[in-house]
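Structural description and commentary
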Amino acid sequence: MKRVLFVCLGNICRSPLAQALFEKEIEERGLSPAVVADSCGCSGWHSGDLPDPRMRTEAARHGIDLTHRARKITNRDGSEFDYIFAMDEEIYDRLSDELGEKYWNKIRLFREWDQPDADGSRDVPDPYYGGREGFAAVYDICERNCRLIADRLFPCND
Ligand code: 4NP
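Residues numbered from 1 in each chain as written. Predicted model: local features only at pLDDT ≥ 70, side-chain atom pairs only at ≥ 80, totals over all residues. Heavy atoms only, no water.

**Description of the pattern of salt bridges**
- Applying the stated criterion across every chain yields a total of 14 salt bridges.
- For Glu-25, the salt bridge identified is with Arg-29, shortest N-O distance 3.0 Å.
- Overall, the relative accessible area of 13% leaves Glu-25 in the buried class.
- Between Arg-132 and Glu-58 there is a salt bridge whose closest N-O contact spans 3.2 Å. Within this pair, whereas Arg-132 is found in helix H5 (residues 132-153), its partner Glu-58 is found in helix H2 (residues 53-61), the two being separated by 74 residues in sequence.
- Assessed through its relative accessible area of 3%, Glu-58 is described here as buried.
- The network of salt bridges with common partners includes Arg-111, Asp-114, Asp-117 and Arg-144. (Salt bridge = Lys/Arg side-chain N within 4 Å of Asp/Glu carboxyl O. Buried < 20%, exposed > 50% of the residue type's maximum accessible area, 1.4 Å probe, protein only. Helix = DSSP H or I, 4+ residues; strand = E, 2+ residues; numbered from the N terminus.)

Laid out in structure tokens, this is it:
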């Protein structure tokens, strides 16, 4: 079994969406239950909460039901997961503080295999303080990159 973890700040917008879209991708490729996904946040500000209603609305427009409950990352996540994807560069840096050094080789940037934006950024922009279009943009980025990640980690042989 391979375990994949997605990490953002609050675990109510970006990473629960990435988790759900990655699970769908894995399911469609016939890889479940050999590959499992989870998500968490660097903060515990929203622990126990469902994803943000705006993120749930955007996901629902695409037929995706977000039911994850937010949780804060723990050092145990470092040992339990094989791949740990940070949704932006700031989270990537924070993960090296949160997790022991022996787990640092598991940490990746979620958009590692994506084209950088015009400004050279590979962040999934934090949509929390913005409008609906920010959530739509997060959806597109997450959908595209979940496909890219599955292609890289679990390539098909046919
Ligand atoms: P996320 O978005 O990291 O994608 O879940 C945020 C959620 C909550 C907050 C910031 C970002 N907050 O400040 O509470």
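**A word on H2**
- Taken residue by residue, H2 has Met-55, Glu-58 and Ala-59 as its buried positions. An end-on view of H2 places all buried positions within 100° of arc, on one side of the element. Every exposed residue of H2 that faces more than 90 degrees away from the buried side is listed here: Pro-53, Ala-60 and Arg-61.
- In this structure, the buried side of H2 is in contact with helix H1 (14-28) and H5.
- Two to three positions downstream of the cap, the backbone nitrogen of Arg-54 sits 2.8 Å from a side-chain oxygen, assigning the N-cap of H2 to Asp-52.
- Following H2 by one or two positions, Gly-63 has its phi on the positive side, about 80°. (Arc of directions from axis to C-beta. Contact = heavy atoms within 4.5 Å. Polar contact = N/O pair within 3.5 Å; in protein donor to acceptor, adjacent residues only side chain to side chain.)

**A short note on the nonpolar core**
- If you look at the biggest cluster of nonpolar residues, it comprises 33 residues, and the most contacted ones within it are Phe-6, Leu-17, Phe-22, Phe-85, Met-87, Phe-110 and Cys-142.
- Mapped by element, the contributors of at least two residues to this core are strand E1 (2-8), H1, strand E2 (35-41), H2, strand E3 (83-86) and H5.
- Once you skip the residues sitting within four places of it in the chain, Phe-22 turns out to touch Val-4, Phe-6, Val-35, Ala-37, Cys-146, Ile-149, Ala-150 and Phe-154.
- Within the second largest apolar cluster, 14 residues are counted, among which are Leu-9, Cys-40, Ile-91 and Tyr-103. (Core = buried A, V, L, I, M, F, W, Y, C linked by side-chain atoms within 4.5 Å.)

**Some details on the site of the ligand**
- Taken together, Cys-8, Leu-9, Gly-10, Asn-11, Ile-12, Cys-13, Arg-14, Trp-45, His-46, Asp-126, Tyr-128 and Tyr-129 are the residues near the ligand.
- Asn-11 places a polar main-chain atom, nitrogen or oxygen, 3.2 Å from an oxygen atom of the ligand.
- In this structure, an oxygen atom belonging to the ligand sits 2.7 Å away from a side-chain N or O atom of Arg-14.
- For the shell around the ligand, the residue count by class is seven nonpolar, three polar and two charged. (Near = heavy atom within 4 Å. Nonpolar A, V, L, I, M, F, W, Y, C, P; charged D, E, K, R; others polar.)

**Here's the deal with the sheet that holds E1**
- The four strands are arranged E2-E1-E3-E4 in an open sheet whose pairing can be described as parallel. Edge strands, defined here as strands with exactly one partner in the open sheet, are E2 and strand E4 (107-109). Within the sheet, the average angular offset between the axes of one strand and its neighbour, ignoring direction, is 25°.
- Across the face of the sheet, H1 comes into contact with E1 and E2 while running at roughly 175° to E2.
- Relative to the sheet, helix H4 (residues 89-98) contacts E1, E3 and E4, its axis offset from that of E4 by approximately 170°. (Pairing = 2+ DSSP bridges. Axes fitted to C-alpha atoms, helices over the stretch in contact; angles between N-to-C directions.)

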